[in-house]
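# Observations on the model geometry
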Amino acid sequence: VHEWCLRHVYVESIHYFQFTKGLAIFFVFLVSAILHEVVFSFSVNLLRPYFFVGMLLQFIPIMVLDKMLKDSPRFGNLNMWLSLMIGQPVVEILYFRDYYATFDGWNFCQGWW
């Protein structure tokens, strides 16, 4: 996914649309957020903005703290692990909570026992 976004979104947006690097990075986040939202929404048959909003909310702290902590590689590592261990599970819990609330999950689970 990283290579695809780098090659087809980041580089192309700089080359064809003359985006600045910051705008190209934001565009990559935007495209990635939309694609994540579409894939997960189709898998649970619900359209909720959880992945989209969660990914876009990560952009501002990353850009601000990247300028402040330019020489510290630990920030990027910490941000990646926190988003993997906390962010994604919270988003998935929100989706599945809405799924069970929408499609009467109790009846769905009874067939498995």
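Refer to the structure above for everything that follows.
One structure accompanies this document, and this report is about it. (Residues numbered from 1 in each chain as written. Predicted model: local features only at pLDDT ≥ 70, side-chain atom pairs only at ≥ 80, totals over all residues. Heavy atoms only, no water.)

## Regarding the overall build of the chain
What counts, and what does not: Numbered from the N terminus, helices here are DSSP runs of H or I no shorter than four residues, and strands are runs of E no shorter than two. Each radius of gyration is computed over the set of C-alpha atoms, and the globule rule expresses the reference value as 2.2 Å times the number of residues to the power 0.38. Contacts between residues were defined by any pair of non-hydrogen atoms, one from each residue, lying within 4.5 Å. Per-residue and other accessible areas follow the Shrake-Rupley method at a 1.4 Å probe size, with only the shown protein chains counted as cover for residues. His is not counted, nor are the chain ends, whereas Lys and Arg count as positive and Asp and Glu as negative. Where a charge lies is defined by one atom per residue type: Lys uses NZ, Arg uses CZ, Asp uses CG and Glu uses CD.
Each helix and strand in the chain was counted, giving five helices and zero strands. Element order for the chain, N to C, with α for helix and β for strand: α-α-α-α-α. A globule of 113 residues ought to have a C-alpha radius of gyration of about 13 Å, yet the chain, at 18 Å, is considerably larger. With the C-alpha coordinates of the chain rotated into their principal frame, the extents come out at 55 × 35 × 20 Å. In the chain, the share of contacts with a sequence separation of at least 24, taken over all contacts with a separation of at least 6, comes to 49%. If you sum the accessible surface of the chain, you get close to 8,600 Å²; carbon and sulfur atoms cover 71% of it. The centroid of the 7 positive side-chain charges in the chain is displaced by 8 Å from the centroid of its 8 negative side-chain charges.

## Structural notes on the packing of aromatic side chains
Note the cut-off: Note on ring pairs: Phe, Tyr and Trp rings are taken, using the six-membered ring of Trp, and paired if centres are within 6.5 Å. Classes follow the plane angle, with under 30 degrees stacked, over 60 edge-to-face and the rest tilted.
What the rule picks out here adds up to eight aromatic pairs. Following the ring pairs from residue to residue traces out a cluster consisting of Phe-40, Tyr-50, Phe-51, Tyr-95 and Phe-96.

## Section: a nonpolar patch on the surface
Counted only if it meets this: Residues enter patches when their relative accessible area tops 30% and they take part in no salt bridge; the joining distance is 9 Å for like charges and 5 Å for the nonpolar side chains Val, Leu, Ile, Met, Phe, Trp and Tyr. By definition here, a salt bridge exists when the distance from a side-chain nitrogen of Lys or Arg to a carboxyl oxygen of Asp or Glu is within 4 Å.
Where nonpolar side chains cluster on the molecular surface, the patch consists of Leu-78, Met-80, Trp-81, Leu-82, Leu-84, Met-85, Ile-86, Val-90 and Leu-94 and spans about 830 Å² of accessible area. When you line up the elements, Leu-78 lands in helix H4 (residues 73-103).

## Considerations on the side chain of Asp-98
Formally: Identification of polar contacts relies on pairs of N or O atoms within 3.5 Å, with a donor-acceptor requirement for protein atoms, meaning one able to donate a hydrogen and the other able to accept it, and with residues adjacent in sequence counted only if both atoms are side-chain atoms.
The residue Asp-98 is located in helix H4 in this model. Only 3.0 Å separates the side chain of Asp-98 from the side chain of Arg-97, close enough to count as a polar contact. In contact with Asp-98, not counting residues within four places along its chain, are Leu-46, Arg-48 and Tyr-50.

## Some points on the environment of Trp-4
Heads up, the condition is: For each residue, the accessible area found with a 1.4 Å probe, counting protein chains only, is set against the maximum for its type, and the residue is called buried under 20%, exposed over 50%, and partly exposed in between.
For Trp-4, the position within the fold is in helix H1 (residues 2-17). For Trp-4, a relative accessible area of 43% translates into the label partly exposed. Excluding residues that lie within four positions of it along the chain, Trp-4 makes contacts with Val-9 and Leu-35.

## Notes on H4
Applied cut-off: Expected span of a helix, by definition, is 1.5 Å for each gap between consecutive residues, and there is one gap fewer than residues. Think of it this way: the bend at a residue is just the angle between two axes, each fitted to seven residues, one set ending at that residue and the other starting at it.
With 31 residues, H4 extends 44 Å between its outermost C-alpha atoms, agreeing within 8% with the 45 Å of an ideal straight helix rising 1.5 Å per residue. The largest bend in H4 is about 40 degrees, located at Ser-83. Every buried residue of H4 is accounted for by Phe-75, Ser-83, Val-91, Tyr-95, Asp-98 and Tyr-99.

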